[in-house]
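The chain contents come next:
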Amino acid sequence: MNWNDTIISITLPIDVVKYIFLLGIGLSIPIVYRVLDFLWLYFLRPSSVKRYLHGNASYAVVTGATDGIGKATAAELLTRGFNVILHGRNEAKMQRVVDELRAAVRGQEKAEKADIRYFIADAAKSGHDFAKMVAPFKGLHITVVIHNVGGSDLLPQRIDQHTEEYLTSVVNKNAFFSLFLTRALLPQLRRAAHSGPVQVLFVGSLAGDIAPPRVPLYAASKGFLQALTRGLDNDEEFFARPTGVHFTYLVVGAVHSDNHDVPMSPSLTVPTSARFARAVVEAVGCGRRRIAPYYVHAVQSYFVELVGERITDNMSAQEMGGLIKQAVKARGEK
Ligand SMILES: NC(=O)c1ccc[n+]([C@@H]2O[C@H](COP(=O)([O-])OP(=O)(O)OC[C@H]3O[C@@H](n4cnc5c(N)ncnc54)[C@H](OP(=O)(O)O)[C@@H]3O)[C@@H](O)[C@H]2O)c1
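Since this is a predicted model, take the numbers as computed values, not measurements. (Residues numbered from 1 in each chain as written. Predicted model: local features only at pLDDT ≥ 70, side-chain atom pairs only at ≥ 80, totals over all residues. Heavy atoms only, no water.)

1. Focus: the pattern of salt bridges
Applying the stated criterion across every chain yields a total of 13 salt bridges. Arg80 is the partner of Glu76 in a salt bridge, and the nearest nitrogen-oxygen pair spans 2.9 Å. Here Arg289 makes a salt bridge to Asp233, at a shortest N to O gap of 2.8 Å. You can see Arg289 sitting in the loop between α9 (273-283) and β7 (290-291) and its partner Asp233 sitting in helix α8 (residues 216-237), a full 56 residues away along the chain. Accessibility expressed as a relative area gives 26% for Arg289, which makes it partly exposed. Overall, the relative accessible area of 6% leaves Asp233 in the buried class. In the salt-bridge network here, residues are joined through shared partners; they are Glu76, Arg80 and Glu282. (Salt bridge = Lys/Arg side-chain N within 4 Å of Asp/Glu carboxyl O. Helix = DSSP H or I, 4+ residues; strand = E, 2+ residues; numbered from the N terminus. Buried < 20%, exposed > 50% of the residue type's maximum accessible area, 1.4 Å probe, protein only.)

2. Thoughts on the side chain of His162
With respect to the helices and strands, the residue His162 is situated in the loop between β4 (141-147) and α6 (164-192). In this structure His162 comes out as buried when scored by relative accessible area, which is 19%.

3. Quick notes on the packing of aromatic side chains
What the rule picks out here adds up to 11 aromatic pairs. For the pair Tyr302 and Phe303, a centre-to-centre distance of 5.6 Å together with 70 degrees between the ring planes defines the contact as edge-to-face. Phe303 sits in the partly exposed class, given a relative accessible area of 43%. Counting every residue linked through ring pairs, the aromatic cluster contains Phe38, Tyr42, Phe43, Tyr294 and Tyr295. (Phe/Tyr/Trp six-rings, centres within 6.5 Å; stacked < 30°, edge-to-face > 60°.)

4. Some remarks on the site of the ligand
Taken together, 30 residues form the shell around the ligand, and within it Thr66, Lys93, Tyr218, Ser257 and His260 come nearest. In the model, an oxygen atom of the ligand is placed 3.0 Å from a nitrogen or oxygen of the Asn259 side chain. When contributions to the shell around the ligand are tallied by element, the ones reaching two or more residues are α2 (68-79) and α8. Of the residues assigned to the shell around the ligand, the class counts are 11 nonpolar, 13 polar and six charged. (Near = heavy atom within 4 Å. Polar contact = N/O pair within 3.5 Å; in protein donor to acceptor, adjacent residues only side chain to side chain. Nonpolar A, V, L, I, M, F, W, Y, C, P; charged D, E, K, R; others polar.)

5. Here's the deal with the sheet that holds strand β1 (residues 58-62)
With parallel pairing, seven strands are arranged side by side in an open sheet as β3-β2-β1-β4-β5-β6-β7. At either margin of the open sheet sits one strand with a lone partner, and together these are β3 (116-120) and β7. Summarising the sheet, β4 and strand β5 (residues 198-203) pair through four bridges and their orientation is parallel. Bridge pairing links Val145 to Val200 in β5. Each of β2 (83-88) and β3 touches helix α3 (residues 91-104); the most contacted strand, β3, lies at about 165 degrees to it. (Pairing = 2+ DSSP bridges. Contact = heavy atoms within 4.5 Å. Axes fitted to C-alpha atoms, helices over the stretch in contact; angles between N-to-C directions.)

6. Describing the UniProt feature "transmembrane region" (unreviewed entry) in the protein chain
With numbering aligned to this structure, UniProt lists the feature "transmembrane region" (unreviewed entry) at residues 20-44. With 100% helix and 0% strand, residues 20-44 has end C-alpha atoms that lie 34 Å from one another. (UniProt positions renumbered as here; feature names shortened; annotations may be inferred.)

7. What about the environment of Ser221?
Along the chain, the position of Ser221 falls in helix α8. Between the C-alpha atom of Ser221 and that of Val171, which follows or precedes it by 50 residues, the distance is 5.9 Å. Not counting the four nearest positions on each side in its chain, Ser221 is found in contact with Val170, Val171, Asn174 and Ala175. Here Leu217 takes part through its backbone oxygen, which lies 2.7 Å from a polar atom of the side chain of Ser221.

8. Points about the domain arrangement of the protein chain
Considered domain by domain, the protein chain is made up of domain 1 (1-45) and domain 2 (51-330). A separation of 43 Å is found between the C-alpha centroids of domain 1 and domain 2. Taking both sides of the interface into account, the surface hidden between domain 1 and domain 2 amounts to around 790 Å²; carbon and sulfur atoms contribute 54%. Considering only the side of domain 1, the residues that lose the most area to domain 2 are Arg34, Tyr42 and Arg45, jointly responsible for 59% of the buried surface there. The partner of Arg288 in a salt bridge is Asp37, with the nearest N and O atoms 2.9 Å apart. Counting the contacts that link domain 1 with domain 2 gives four residue pairs in polar contact (both at pLDDT 80 or more). Looking at side-chain class alone, the side of domain 1 that touches domain 2 contains five nonpolar, no polar and three charged residues. (Domains from an automatic or database assignment. Buried area = accessible area lost by both parts, 1.4 Å probe.)

9. Re helix α10 (residues 295-307)
The end-to-end C-alpha distance of α10 is 19 Å, a good match for the 18 Å that 13 residues give at a rise of 1.5 Å each. All buried positions along α10 are accounted for by Val296, His297, Ala298 and Ser301. Looking at the residues trailing α10, positive phi occurs at Gly308, about 85 degrees. (Expected span 1.5 Å × (residues − 1).)

Quick look at the structure:
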């Protein structure tokens, strides 16, 4: 074998190398796109929430606003110049929260003058008259709705060990309350959309993607909200003339709240409710139907997708086991 033979024998594989190289470039385009999109979405995109301050006085509705993410989101919206309509289930607690919110924005000229209203309804119950519920707010210019109410009890029972009544209350709280409230508000939202953008956001959960054991109905209700988001957005955007009302589903990982049976300590992966609320408000007008408002949850969601079901299911089962044990102990149960 001389030099010429060697050159001939490596020219053939060079074509193969070229194709592998081109294939590599082709396959990496979606990954590069995803990384650039991530950087744009969380670190470079200009804030768009101000565009939702239109009309004479813009209102934002926040459900489940007496604690955790909802309360922090109400505070954040006030500082951004919105008037707020809050929802809770306990009037005495709501009045304390309204006082707290007013104290928190003291000294902020616009927020100090903001109108804070509220309504009380147990979201877990069936049979509400939603039209009557929103009647006091009929004349208001609502441009943002944050369906935040929801949550799951950490219980050791499987679904056949719960009553039908309990299971219905889980779905009411996590899905139907938001659906029927949206239905009651839609004509008013469409009117507000004549003067600028209007956005309805559903607070979802990573559990909607993972469906951990012992909370299948909670996960299913969040999955319902995710499909509802796309369906409603299509309804308002494509079937007839666009109405200008848009819908977004928020993917949420762990967030600290003092209201929980087992509050997780704040950390990079578990933001405080206040930190998370800033991210929620920044998601308003993001132009996506599904977004994890907090960037670390977006990375977690990506890895959940990457590692596949078996690993995720095993890990979430272990985590749920630990959380349920702690919750049972915190409630003083056996
Ligand atoms: N925090 C997390 O780790 C996490 C993770 C994923 C998704 N999420 C989602 O984020 C949302 C808020 O969670 P959070 O952690 O902020 O909860 P939270 O701190 O427990 O606060 C929940 C809020 O909803 C209200 N609420 C609960 N049940 C209600 C009912 N039956 N009727 C009316 N109001 C009711 C609570 O009222 P009271 O003040 O009277 O209790 C409170 O204002 C939920 O949709 C949850 O699924 C949270």
